[in-house]
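A closer look at the structure
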Amino acid sequence: MAERLRDLLSIEELTAEQIAFLLDESKPFQEFQRYPLKKLATLRGKTVGLAFFEASTRTRISFATAASRLGADTMNLQAESSSLKKGESLLDTARTLDAMKPDCIVMRHSSSGAADFVARHLEIPVINAGDGTHEHPTQALLDALTIRDRRGTMENLNITIIGDILHSRVARSNLHLLGKFGCRFTLCGPPMWLPREFECLGKHVRRSSRIEEALEGADVVIVLRVQQERLHEPALPLDEYILLYQLTPQRLKIARPDALVLHPGPMIRGLEIDPAVADGPQSCILEQVTNGLAVRMAVLFVMVATGSEAEDARGSAHAAH
Amino acid sequence: MRVVEKTQLMSATEIERTLQRLAHEIVEKSGGTANLALIGIRRRGVPLAQRIARAMHGIENLEVPVGTLDITLYRDDLSKIASQPVLHSSEIAFPMDDKDVLLVDDVLYTGRTARAAMNGLFDLGRPSRVRMVVLIDRGHRELPIEASFVGRSVQTSDREIVEVRLQETDKEERVMLVERVE
């Protein structure tokens, strides 16, 4: 039986058993998305605090819908909100939310480590929805679920990740997760986005700046968005990026014939990915979104549904931090 | 929690005969059999539902569809448990509307499992009727729930537990009365 999760801050600290448990718990929620009546009472009376200090549409909507379908209420903090602009510290904002007694907080922040920081100061569970360039655990979980469903397994596969690896929390979480299951990685992109240190993240991680070389033998291709908002000036003209790194149908043929194409979204058609690939039979992009809902329902269920009134449940939840 | 075995309530043969008798009773007391559906409540209700379906097939060549229902998401006591429950998928391959549903479980006790099961069923549609089939009714109802088809009624105390063991789930076949000891 997997050790009870207190928070979900990173994939790196999870065991393979805990990850497999979360993916298995997601399966009934995948079924659930097909029910005519998508409303449970499982988390009725519970409140999920959504603290999105960094702008997000899809992840926020996904968590909000997951909470709502489980029957929970939500508290909504959004990036544009004025208290953040007025200079309130992160801890004060978190404590303010906590004083309204949510049952957990789902947090996205532009600083790496922010979720861990808040978790150390609050008793309630904290779920990391993306912290700086560090991790995005639920994205890696939904990617793994998608791969496992389509391929039958997520073990010992060749994974190619293309894009701005340096600034990508999605890449890091995926490296940690699939690395625990024996996968081998090829990281591909312009050299300044491919730090050598990444090769320390696993036994089988290599880098390549040539997409044709990087795609050979790939079972899964994960395409990342060019994150213009992270760069102070474009380090590479977009035309050149397209020329060198866009995933086109011709380039996709270099990978295995049944290779899966994943994208964390939002995608820019015609930039990092050719529309024919995005809409083609190997693309899993829309399944990822549906699976994201199932994974987030499973995570909220696991972290919030049980234990609040159990005798031996929580106590000082974060002493281990 | 330690338990001590007290008596055997049913042997393998008795279980099988009871299931046959229940299948006959259901056919007898259903009016028509066209819209019948058996839904087994996970875990042990599932093999019981499958066996009853086979028995009904043996009676009049009836094909009654069987579904499985996991009630974890509908439990009313989740906050009181410390462990992390393992969810299983419910698999009901037929539409629920207008079905004459037979909910199957091994033991009927407080009635809370049956209530949770009905919540789950009604999320899937509107059955025309829901009746309950249980191997053992052990009394102590906490809700107004009844079983229409009962294998055996057994008087029990709160310290006792009725353990149904089936080949499919436990690799042995019998019903035991056990008692909790401090």
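Along each chain, residue indices are assigned from 1 in the same order as the chain's sequence is written. Note on labels: chains are lettered from A, ligands numbered from 1, in written order. Local features in a predicted model are, by the rule used here, given only for residues with pLDDT of at least 70; side-chain atom pairs are given and counted only at 80 or more, and totals for whole chains, interfaces and linings are based on all residues.

**Some points on the interface of chain B and chain A**
For interface size, the figure often reported is the accessible area lost on association. Our working definition: Here the contact rule is simple: place C-beta atoms from the backbone, and any two residues whose C-beta atoms are within 7 Å are in contact. Charged residues are taken to be Asp, Glu, Lys and Arg, nonpolar residues to be Ala, Val, Leu, Ile, Met, Phe, Trp, Tyr, Cys and Pro, and polar residues to be all remaining types, Gly included.
Listed per partner, the contact involves 16 residues of chain B and 19 residues of chain A. Here the residues of the side of chain B that touches chain A are counted per class, giving seven nonpolar, six polar and three charged.

**A closer look at the sheet that holds strand β2 (residues 36-41) of chain B**
All names here are of chain B. Note the cut-off: Following DSSP output, two strands are said to pair if at least two bridges run between them. Strands here are runs of E lasting at least two residues and helices are runs of H or I lasting at least four, both read from the DSSP assignment and numbered beginning at the N terminus. Every axis in this analysis is a line fitted to C-alpha atoms, fitted for helices over the stretch in contact. Angles between the N-to-C directions lie between 0 and 180 degrees.
Pairing is parallel across the open sheet formed by five strands, whose spatial order is β3-β2-β4-β5-β6. Each of the sheet's edge strands pairs with one partner strand only, and the pair in question is β3 (66-69) and β6 (149-153). With strand direction ignored, the average angle separating the axes of adjacent strands in the sheet is 25°. As paired strands, β2 and strand β4 (residues 100-108) are joined by five bridges and run parallel to one another. The partner of A37 across the bridge, within β4, is V101. Strands in contact with helix α1 (residues 12-28) are β4, β5 (129-137) and β6; relative to β6, the strand with the most contacts, it is inclined by about 145°. Against the sheet, helix α2 (residues 45-60) engages β2, β3, β4 and β5, with an angle of about 155° to β2.

**Side note on the environment of S89 of chain B**
Tracing the backbone through its elements, the reader meets S89 of chain B in the loop between β3 and β4. Residues S89 of chain B and R174 of chain B, 85 residues apart in the sequence, show an inter-C-alpha distance of 27 Å. Those residues in contact with S89 of chain B, other than ones at most four positions away along the chain, are K27, P28 and E31 of chain A together with D70 of chain B.

**Focus on the nonpolar core**
To keep it simple, the criterion reads: Put simply, a nonpolar core is a cluster of buried Ala, Val, Leu, Ile, Met, Phe, Trp, Tyr and Cys residues tied together by C-beta atoms within 7 Å. Here a residue counts as buried when 20 or more other C-beta atoms sit within 10 Å of its C-beta, as exposed when there are 12 or fewer, and as partly exposed otherwise, the C-beta atoms being derived from the backbone. Throughout the structure description, domain borders are defined by an automatic or database domain assignment.
If you look at the biggest cluster of nonpolar residues, it comprises 138 residues, and the most contacted ones within it are V221 and L300 of chain A together with I52 of chain B. In terms of residue count, helix α12 (residues 285-305) of chain A provides more of this core than any other element does, twelve residues in total. Looking at this core, you find at least three residues from each of domain 1 (16-136 + 289-305) and domain 2 (137-285) of chain A. If we skip the residues at most four places from it in the chain, V221 of chain A touches T160, I162, L215, L247, A255, A259 and V261 of chain A.

**Section: the pairing of β2 of chain B**
All names here are of chain B. Spelled out, the test is: When the strands point away from the viewer, a crossover counts as right-handed if the path from the first strand over the helix to the second runs clockwise.
Counting buried positions along β2 gives six out of six residues, so the element sits mostly inside the fold. Going residue by residue along β2, you find L36, L38 and G40 tucked away on one face and A37, I39 and I41 tucked away on the opposite face as well. Relative to β3, β2 is paired through four bridges, and the arrangement is parallel. Looking at β3, one finds that G40 is bridged to T68. In this fold, the crossover linking β2 to β3 by way of α2 has right-handed handedness.

**Quick notes on helix α3 (residues 112-124) of chain B**
All names here are of chain B. We apply this condition: A helix is expected to span 1.5 Å for every residue after the first.
Helix length check: α3, at 13 residues, gives a terminal C-alpha distance of 19 Å against a target of 18 Å (1.5 Å per residue), a fit within 8%. For α3, the secondary structure elements touched by its buried residues are β2, β3, β4 and β5. Looking one or two residues beyond α3, the residue adopting positive phi is G125, at roughly 155°.

**Re the sheet that holds strand β1 (residues 47-52) of chain A**
Residue and element names in this part refer to chain A. Read from one edge of the open sheet, four strands run β2-β1-β3-β4, paired in parallel fashion. Each edge of the open sheet is held by one strand with a lone partner, namely β2 (73-77) and β4 (126-131). Here the strands of the sheet are splayed against their neighbours by 15° on average, with no regard to which way each runs. Sheet analysis places β1 next to strand β3 (residues 104-109), joined by five bridges and oriented parallel.

**Quick word on the environment of G163 of chain A**
All names here are of chain A. Position of G163 relative to the elements: it lies in the loop between β5 (158-162) and α7 (169-179). Exposure remark for G163: the 27 C-beta atoms within 10 Å place this residue in the buried category. In sequence terms G163 and Y245 are 82 residues apart; their C-alpha atoms lie 7.5 Å from each other. Leaving out residues up to four positions away in the same chain, G163 has contacts with S168, G189, V223, L224, R225, V226 and E272.

Keep in mind these values describe shape, not function.
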